[in-house]
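In case you want the letters, here they are:
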Amino acid sequence: MTEAPDTIRRLVQTFADNIESYRSASFNEAQVRREFIDPMFEALGWDVLNKQGHHPAYREVIHEDAIKVGGATKAPDYCFRIGQTPKFFLEAKRPLVNIKGDPNPAYQLRRYAWSAKLPLSILTDFEELAVYDCRAKPNQNDKASAGRTLYMSFTDYPDRWHEIADVFSREAILKGSFDKYAESGRRKRGTAEVDASFLAEIESWRDALAKNIALRNRSLSVREMNQAVQRTVDRILFLRMCEDRGIEQYGRLQALLNVNNVYGQLAELFNQADDKYNSGLFHFKSERGREDYDAWTLKLAIDDKVLKEIIKRLYYPECPYEFSVLPADILGHIYEQFLGKVIRLTPAHQAKVEEKPEVRKAGGVYYTPTYIVDYIVNNTVGKLCEGATPNKVAELRVLDPACGSGSFLLGAYQFLLDWHLKYYIDHDPAKWARRKKPPIYEGRNGWTLTTAMRKEILLNNIYGVDIDQQAVEVTKLSLLLKVLEGETEETLRNQMQLFRERALPDLNANIKCGNSLIGPDFYDGKQTTMFDDEEAYRINAFDWNAEFPDIMKRGGFDAVIGNPPYVFGRDWKGLGISDYHKAYFSRAYDTASYQMDMFSLFMEKAHRLCRLSGHIGLIVPNVWLNNTFCSKIRSLVIGSAQNLAIASPKSRVFPRLTVDTVVYTLRLDDRPSPSFTVLTIDDSGTEDILSNNKTSLFLDGERPISTVVEAPVLEFLEELLNDHSCLDDFAAITRGVHPYRTGGYGASAFRKGPQTDRDVKERVYHSAAPGPDLRPYVYGRDLHRYSPCLVSDYVRYGKWLAEPRKPEFFTGDRVYSRKILGERLIVTVVSGDSVAGQQICITKPKVPGFDVRYFAGIMSSRMMAFFIKSYFNERDDAFPQIKVSQLRSLPIRRIDFSRSDDKTRHDRMVELVERMLDLHKRLDEVRTEHEKAVLRRQIKATDDEIDRLVYELYDLTEEEIAIVE
């Protein structure tokens, strides 16, 4: 139990001795912070006053001046952080305030913490201290006790100090005690997190605005409708967030609740914002050097009632959101979900909001977690900035070619802001501040980048493209809010006067709408008239050389980062991607296979857009590591990478998606490194290196890459591959046939033949005569280990089947193995005439001297089961499978038949497998429990003998056998 230090006992005694003075109206909040709260939290191990001189971006405790705005402070008094991650807020009050009974301070604190997605926070005036669980949505009618998990008076501190220190001390947080405490108090029901709640809020705005604008503006097209609604939401939200951050006068929007013609008054505010900010979000008149100003949205007709309802929900006390602390990544998360729906117009010009087809197909929108963004940015943009100067960094061009709501661009921009500030502080900040156009100035919280510098960094370094115009607008909005972060109306006004320019940049030249994968050559050989306006708009071909001429002339972007769409080839038809699209991709992309996935096309595109010595960092589905159809993209990535790192997240990044993901980062080079790294990362970004792999072994793309095995295991697996031949060298291998006739899939399982279209299922039980021209058909479910194949159906075999194979695969000695894995590969040996189904792989020897039973014994061994599940990354799948390409690459011990010991081992394996086949056949025939038990013991003993023989054949050491077992 943590005892209260002497500091706390002295503070308690001092407060008790002078309690009446401290409770008087003359003793203010600043005094209680300085005399009691600061030393109290220093005793908890926090560097409250930054005595260690940390860079502002990494201060442990962030203080906010108690500036009153609309009856409430604009930000919490203290934010306690580990690194740059906020852990909890503390709101301070003077002792005159009744912490235990007054609901207003509690509501204020809970709004801050809930908006910032912090689970716990503290309210104190030193005389009283209360801890709140802030995950439940705050309500203005809540009592002071709502969400309160701990309360104590200052007289309790000496005896109950451990209740505070064991959770809120810096050491406790580093050890994870804070997170455990928060998790133990997690509410099971009734918790509405801020992103879900605010998403519902702005979706209700969209609904109301869409219906009203459609009603009052009947000439608008569906695209104009979507833009009008999006722009109106964005502009209102931008101005409201600026109010809470002290950049705009508080309550300007709220004042519109008392006027008529609200949208006309809003238009005035929007025009003033155009004069102040110079942002594309507010751009209503023609200006030199700027294109496509908005000449129509300010003329919309929108009813007062709709706008007033939106504005009313944005202010205290009805509004539970505190926009001054709403993190940029949370706002991005909210908007990512918001963009998953689109407005359409009915023939009667009524607005309907519905999910986009691609979102519906994917089962929702998935936002990239911050730790993944930070990891990729640190290993791409961070590498480019190492040892650089501001002039050099100003030349870097960072791109996200599928930017969505801008999470990766926000992460890159934040990194560059922090990098510049640290550089200037480390290199005589006063000197930089004296420049004619200073990049920094000294504010109340220390050195800060000027708005002009923040604008310059954004315009110089950050670029994005997305096919969705709404996503482009949201990316711009998020970046513009990031430019203004930390500014006030006063500092903004001073800097605007100093630099004689408006506060925000126009991002139209940086963030663009277009189809990153389709260029103007899409129309080559086709008349553009074959595409109507709607189709051309949807295709949205994008010419990178024309849109970013200077960047492409110099070789491309310095960093390409992001999370491209996870659209698999099987889903394309449902998304309206035509055969002409597929033909174009096959023509335009070197790595495109017949089963194209959109993310792999983006992977190739990243290589084309990145200059040599530039960096690439993407998070993509992990199937590119081992899928047969991804061999070309594997070869491209591995063959053009210096410092390639493939990182597998320890926890699933997108829990609702069935696909697992990996992150890869590299420096683009025409000569690959001799090796690349496989590692894991946790949700704090901590790396755990698993192995270093020889690049030369993977250059052709044929060999899959494993991301989840530890280094000694991977070395053992690679030795097996390197020291032995592949099964493909000894045998012809294919998958079984689909029993349908070419030309379509009927409701029945079999077609009678090419001479008829009549659906006839020939079903003959295995005990009955098969009949003329019919062959036994073996389903995967009918195949059991070393057992005779059950037959419940027969099929006419011929070229009319949907996937015919060479007839020799269904006669003579061969191995049938199931595609679905059990504890081991499920194999049996077949000699008679039968046709294997599509869930079965067929292995037929092609090298003289080798008996089929030799291959069957190795394939079904414990060692091979270990190899398959580990090397092909099938250990954790619910239904692990082996593909034909993987089967072909299994390491098989070559036999030198001129050596007697080799031939003896081969013949011994044949004998053991023959015994297994016989034992399983007898097991199917006997009836008594005793007979079955005896046979099962013999089967187990024979299995063990086969495993020992495999260990001997492969010359495994005791350590390697231990790895297998």
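Residues numbered from 1 in each chain as written. Predicted model: local features only at pLDDT ≥ 70, side-chain atom pairs only at ≥ 80, totals over all residues. Heavy atoms only, no water.

Novice: Would you explain the overall build of the protein in this entry?
Specialist: Tallying secondary structure elements over the protein gives 34 helices and 30 strands in all. Here the protein holds 965 residues, and the buried ones make up 56% of them. Taking the intrachain contacts of the protein between residues at least 6 apart in sequence as the baseline, contacts between residues at least 24 apart amount to 71%. Here the protein has roughly 41,900 Å² of accessible surface; of this, 48% comes from carbon and sulfur atoms. (Helix = DSSP H or I, 4+ residues; strand = E, 2+ residues; numbered from the N terminus. Buried < 20%, exposed > 50% of the residue type's maximum accessible area, 1.4 Å probe, protein only. Contact = heavy atoms within 4.5 Å. Areas by Shrake-Rupley, 256 points an atom, 1.4 Å probe, with all protein chains shown as cover.)

Novice: Even after reading the chapter, I still don't get the pattern of salt bridges, so can you show me in this structure?
Specialist: Proximity of charged atoms lets side chains of opposite charge pair with each other. Under the defined criterion, the tally for this structure stands at 57 salt bridges. Put simply, Arg160 and Asp156 hold a salt bridge, and the shortest N to O gap is 3.7 Å. On the basis of relative accessible area, Arg160 is assigned to the partly exposed category, the value being 25%. We note a salt bridge from Arg824 to Asp947, for which the minimum N-O separation is 2.9 Å. Of the two residues, Arg824 sits in the loop between strand 26 (814-818) and strand 27 (827-830) while Asp947 sits in helix 33 (residues 929-953), which places them 123 residues apart along the sequence. Both residues of the pair, Arg824 and Asp947, count as buried. Taken together, the salt bridges that share partners define one network made up of Arg893, Arg899, Asp901, Asp902, Arg905 and Glu952. (Salt bridge = Lys/Arg side-chain N within 4 Å of Asp/Glu carboxyl O.)

Novice: I would appreciate a short explanation of helix 30 (residues 862-871) in the present structure.
Specialist: Given 3.6 residues to a turn, an α-helix orients residues that are three or four positions apart in the same direction. The element helix 30 is extensively covered by neighbouring structure, given that eight of its ten residues are classed as buried. Looking only at helix 30, the buried set comprises Met863, Met864, Ala865, Phe866, Phe867, Ile868, Ser870 and Tyr871.

Novice: Please clarify how the environment of Phe542 should be interpreted in this entry.
Specialist: Here Phe542 shows up in the loop between helix 22 (533-539) and helix 23 (544-547). For the pair Phe542 and Gly519, spaced 23 residues apart in the sequence, the C-alpha separation amounts to 5.0 Å. In this view, Phe542 contacts Val465, Lys512, Cys513, Gly514, Asn515, Ile518, Gly519, Pro520, Glu547 and Phe548; residues no more than four positions away in its chain are not counted.

Novice: Just checking my understanding: could you explain the nonpolar core for this structure?
Specialist: A general tendency of soluble globular proteins is for nonpolar side chains to be buried together. In terms of nonpolar packing, the biggest core is built from 113 residues, with Met225 and Phe238 touching the most fellow members. No other element matches helix 17 (residues 407-426), which puts eleven residues into this core. If we skip the residues at most four places from it in the chain, Met225 touches Ala210, Ile213, Ala214, Leu220, Ile343, Leu345 and Ala351. In terms of nonpolar packing, the next biggest core, distinct from the first, is built from 92 residues, Val560, Leu609, Cys630 and Ile858 among them. (Core = buried A, V, L, I, M, F, W, Y, C linked by side-chain atoms within 4.5 Å.)

Novice: How should I be thinking about unusual backbone geometry in this particular structure?
Specialist: Outside of glycine, negative phi angles account for most residues, and trans bonds account for most peptide bonds. The phi torsion at Asn540 lies on the positive side, around 50°, for a residue other than glycine. Locating Asn540 in the fold gives a position in the loop between helix 22 and helix 23. Notably, Ser613 is not glycine yet its phi reads approximately 75°, a positive angle. The residue Ser613 is located in strand 17 (residues 610-621) in this model.

Novice: Teacher, can you tell me more about the sheet that holds strand 11 (residues 398-400) here?
Specialist: Sheets are built from strands paired through backbone hydrogen bonds, the pairs being either parallel or antiparallel. On the basis of which strands lie adjacent, the open sheet formed by nine strands has the order 15-14-11-16-17-19-18-20-21 and mixed pairing. Only two strands of the sheet have a single partner each, and these edge strands are strand 15 (511-513) and strand 21 (687-694). The mean angle between the axes of side-by-side strands here comes to 15°, regardless of whether they run parallel or antiparallel. Alignment of strand 17 against strand 19 (residues 661-668), held across seven bridges, turns out to be antiparallel. Note that in strand 19 the partner of Leu618 across the bridge is Tyr664. Docked against the sheet, helix 26 (residues 598-609) engages strand 11, strand 16 (557-562), strand 17 and strand 19, running at close to 165° with respect to strand 17. Its contacts with the sheet place helix 27 (residues 631-639) against strand 18 (641-649) and strand 19, and it is angled at close to 125° to strand 18. (Pairing = 2+ DSSP bridges. Axes fitted to C-alpha atoms, helices over the stretch in contact; angles between N-to-C directions.)

Novice: Before we go on, may I ask you to explain the packing of helix 32 (residues 900-925) against helix 33 in this structure?
Specialist: Angle between the axes and distance between the axes: these two values describe a pair of packed helices. Contact geometry of helix 32 with helix 33 gives a least axis separation of 10 Å together with a crossing angle of 160°. One finds that helix 32 runs roughly antiparallel with respect to helix 33. Crossing hand, helix 32 versus helix 33: left-handed. Looking at the contact of helix 32 with helix 33, its residues break down into twelve nonpolar, three polar and nine charged. (Parallel < 35°, antiparallel > 145°, perpendicular 65-115°, else oblique. Left-handed = near helix turned anticlockwise from the far one by under 90°. Nonpolar A, V, L, I, M, F, W, Y, C, P; charged D, E, K, R; others polar.)

By themselves, these observations are geometric and do not establish any function.
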